[in-house]
Amino acid sequence: MSQKLTSPNEDYAKWYNEIVYRADLAAQSPVRGCIIIKPYGYEIWEGIKASLDRRFKETGHQNAYFPLFIPQSYLKREAEHVEGFSPELAVVTVAGGKELEEPLVVRPTSETVIGEAFSQWIQSWRDLPLLLNQWANVVRWELRTRPFLRTTEFLWQEGHTAHATHDEAEEETLRMLDVYAAMAIEDAAIPVIRGLKSNVERFAGALRTYSIEAMMGDGKALQSGTSHNLGQNFAKAFDIKYLNKANELEYCWTTSWGLSTRMVGAVIMAHGDEVGLRLPPKLAPYQVVLVPVYKTEEERSRVLEVLHRLAAQLKAAGVRLHLDDREETPGFKFNDWEMRGVPVRLELGPKDLEKNSVVLARRDILGKEGKRFVPQDGVVQAIHDLLAEVQANLLAQATQFRDSRIHDVNSYDQLKQAIEASGWARGYWAGSDDDERRIKEETGATLRNFPLEGQPEDGVCFYTGKRGGGRVALFAKAY
RNA sequence: CGGGGCGUGGCGCAGUCCGGCUAGCGCGCUUCGUUCGGGUCGAAGAGGUCGUGGGUUCAAAUCCCGCCGCCCCGACCA
């Protein structure tokens, strides 16, 4: 059995692909660049989705659904927007056996249709703010695809809001960025850096774009969520206007923000190790897997009886679990579920029956150190605690890893060294768009964002030597 | 779009250069037995239009021509 996973240190891309398929997260689809998301992978997405959806509702948003097809002319109304998206559009020109009068674009994002709707729905300042979200699939004909990280069709949510003033829109943009960061940190156990995107990386048609950037196990950055202040660009293109209290017609200020199934890729790459996936308990489809150990048929039935009882207790306590009663050996199951990233394993065998105990083993600490014996009547509490520990430890490990690879740089040479060492470079920045592009060409690193936290004193730009107005930039190679 | 690789049972591959007889191997699958606290072992089975179309030949997975598809690496992107 060719069971050993490729080591991430040996070939990270291969390791990633193997995990995706072997952990049963996804399958290849018959269509180039698309994937079939299998139940185990989809449940991780559902966890992300549930967390975000709850947070969206808490911040006053409502869900709606807009059509998959967008009249081609809509895309053209916002100049920068078309330009940004036209190369990657899928367009329907024939339907019902006939050439369409106007081709329909399969949405790459929905600013345009939603903008058109907003223009009809918003008339008064009393209609504002309008806070909507939609869960949807979108299509972007990318040249190079990778499972979850970049697929031709992907699932995401896109929030779209309209406000009376620039400041309210900006506030919303940042609020939703914070929602993303909270989900990433609290649920996915992935530390992220919130920041402003550079002009070069800004969303087509936005005034300002913000992102959360996460570090993957190979030191590359992954933009895991984006939030745009669209200014009045789309309001002007789609005529989204309202009457203010002084009875004057004004353009709205709109925002949009999205987070996609790419986040599943982030979870894989932020936590995975040489054994396989390591899922944060809050997002794990199974938080606990129960593995019976027995010799005889008689032992089997006694062990399973206890396991069913414990499973019922755990379920009642809200724990997601799976009782693995396949006829494989325990050792096989241990390895199988470790590869699939289940945070906690509960073993129960004849010896435990005698002592009324169980063995708990944690995925984040392999081997003996990660195992402990607990009495059966304390299992629910013990698992509850253990899940919290694993969750916290994954975040701590990812944070430590990330921080150890962020290097403060004072010169271009230092940036090159940091990037060369598979890390991120952080330094004062006063360069131009062209400077930024040049760095990308020469080093492969892009300006990920200008971090929002910890705005420091003014400093000297590491690239141009100019005083930089206190702006710190983060450079990294990215997915 | 440029570079590289691949298409042979469910998966991973060998066989292709140098045509040849019932197309092999590992894993998985089914059944029986055995084992079971870190990837048990054994036996018996099931399963293949060799991507596709054409050509050469007594004979094609293998040679020739065309087509299709996928994967990987780079430039665009959440």
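Basis of the calculations
- Here the residue index of a chain counts from 1 through its sequence in written order.
- For naming, the first written chain is A and the first written ligand is 1, with later ones following in the order written.
- Residue-level local features of this predicted model are given only where pLDDT is at least 70; pairs of side-chain atoms are given and counted only at 80 or more, and the full residue set underlies all totals for whole chains, interfaces and linings.
- With hydrogens and water stripped out, all remaining heavy atoms of the structure feed into the side-chain values.
- Nearness here has a simple test: a residue counts as near a molecule or strand if at least one of its heavy atoms is within 4 Å of that partner.
- Polar contacts, as used here, are pairs of N or O atoms within 3.5 Å; protein pairs need one atom able to donate a hydrogen and one able to accept it. Residues neighboring in sequence count only if both atoms are side-chain atoms.
- Helix and strand labels come from DSSP, where a helix needs a run of H or I of at least four residues and a strand needs a run of E of at least two; each type is numbered from the N terminus.
- Charged residues are taken to be Asp, Glu, Lys and Arg, nonpolar residues to be Ala, Val, Leu, Ile, Met, Phe, Trp, Tyr, Cys and Pro, and polar residues to be all remaining types, Gly included.
- Two strands are counted as paired when DSSP detects at least two bridges linking them.
- Note on contacts: a residue pair is in contact if any heavy atoms of the two residues lie within 4.5 Å.
- Each axis is a line fitted through C-alpha atoms, taken for helices only over the stretch in contact, and angles between the N-to-C directions span 0 to 180 degrees.
- Helix span is expected to be 1.5 Å times the residue number reduced by one.
- Categorising residues by exposure relies on relative accessible area from a 1.4 Å probe, with only protein chains included: less than 20% of the type maximum marks a residue as buried, more than 50% marks it as exposed, and the intermediate range marks it as partly exposed.
- For the domain bounds, the source is a domain assignment made automatically or taken from a database.
- Grid points spaced at 1 Å and placed over the protein atoms alone form the basis of the search, with a cavity being a set where a 1.4 Å probe fits but cannot get out and a pocket an open set showing protein on both sides within 12 Å along at least five of seven lines. Lining residues have an atom within 4 Å of a point.
- Grid points are joined across faces, edges and corners, and a volume is the space filled by probe spheres set on the points.
- A clockwise path from the first strand over the helix to the second, with the strands pointing away from the viewer, defines a right-handed crossover.

Draft legend 1. Looking closely at the protein's contact with RNA strand B. With respect to spatial proximity, 38 residues lie near RNA strand B, and among them Arg150, Arg262, Thr329, Glu338 and Asp352 are the closest. The contact in question runs from a base nitrogen of RNA strand B to an N or O atom on the side chain of Asp352, over 2.3 Å. Counting residues per element, the ones that place at least two in the surface near RNA strand B are α1 (12-22), β11 (221-231), α10 (330-339), β17 (344-348) and α11 (350-355). Looking at the surface near RNA strand B, the element that brings in the most residues is α10, giving six residues. For the surface near RNA strand B, the class distribution of residues is 13 nonpolar, eleven polar and 14 charged.

Draft legend 2. Quick look at the sheet that holds β11. With mixed pairing, the eleven strands of this open sheet are ordered in space as β3-β7-β8-β14-β11-β10-β9-β22-β23-β21-β20. Two strands lie at the open edges of the sheet, namely β3 (62-63) and β20 (406-408), each paired on one side alone. With four bridges connecting them, strand β21 (residues 424-428) and strand β23 (residues 472-476) associate as antiparallel partners. Opposite Arg426, over in β23, you have Leu474 as the bridge partner. On top of the sheet, helix α5 (residues 111-121) reaches β7 (130-139), β8 (153-163), β11 and β14 (253-260); it is set at about 30° to β8, its chief contact.

Draft legend 3. Molecular detail of helix α12 (residues 379-404). Over its 26 residues, α12 runs 36 Å from end to end, which matches the ideal 38 Å to within 8%, given 1.5 Å per residue. When α12 is considered as a whole, its buried residues turn out to be Val379, Ala382, Ile383, Leu386, Leu387, Val390, Gln391, Asn393, Leu394, Ala398 and Arg402.

Draft legend 4. Quick peek at the domain arrangement of chain A. The domain boundaries assigned to chain A delineate domain 1 (12-271), domain 2 (288-386) and domain 3 (405-476). Centre-to-centre separation of domain 1 and domain 2, based on C-alpha positions: 40 Å.

Draft legend 5. Broad picture of the environment of Leu387. Looking at the secondary structure, you find Leu387 in helix α12. The class of Leu387 is buried, set by a relative accessible area of 9%. Counting along the chain gives 43 residues from Leu387 to Val344, while the straight-line C-alpha distance between them is 7.2 Å. Those residues in contact with Leu387 that sit more than four places away from it in its chain are Pro281, Gln287, Val319, Pro343 and Val344.

Draft legend 6. How the structure looks around the layout of surface pockets. Quantified by volume, the largest pocket comes out at close to 1400 Å³. Lining the largest pocket are 45 residues, with Arg140, Arg150, Glu201, Gln223 and Arg262 positioned closest to its centre. For the lining of the largest pocket, the elements supplying multiple residues, two or more each, are α4 (79-85), β8, β11, β14 and β22 (446-451). No fewer than three residues from each of domain 1 (12-271) and domain 3 (405-476) sit in the lining of the largest pocket.

Draft legend 7. Examining the side chain of Arg55 more closely. Structurally, Arg55 can be placed in helix α2 (residues 39-58). Since its relative accessible area comes to 10%, Arg55 is described here as buried. Only 3.1 Å separates the side chain of Arg55 from the side chain of Glu186, close enough to count as a polar contact. If we skip the residues at most four places from it in the chain, Arg55 touches Val179, Ala182, Met183, Glu186 and Asp187.

Draft legend 8. Quick peek at the pairing of strand β15 (residues 288-292). A large share of β15 lies buried, amounting to five of its five residues. On β15, burial covers both faces: Val288, Leu290 and Pro292 on one face and Val289 and Val291 on the other are all buried. When β15 meets strand β16 (residues 321-323), the two strands line up parallel, connected through three bridges. Residue pairing across strands places Leu290 opposite Leu323, the latter belonging to β16. The handedness of the β15 to β16 crossover, carried by helix α9 (residues 297-316), is right-handed. Both β15 and β17 contribute to a ladder of five bridges, which runs parallel. Each bridged residue has a counterpart across the sheet, and for Val289 the counterpart in β17 is Arg345.

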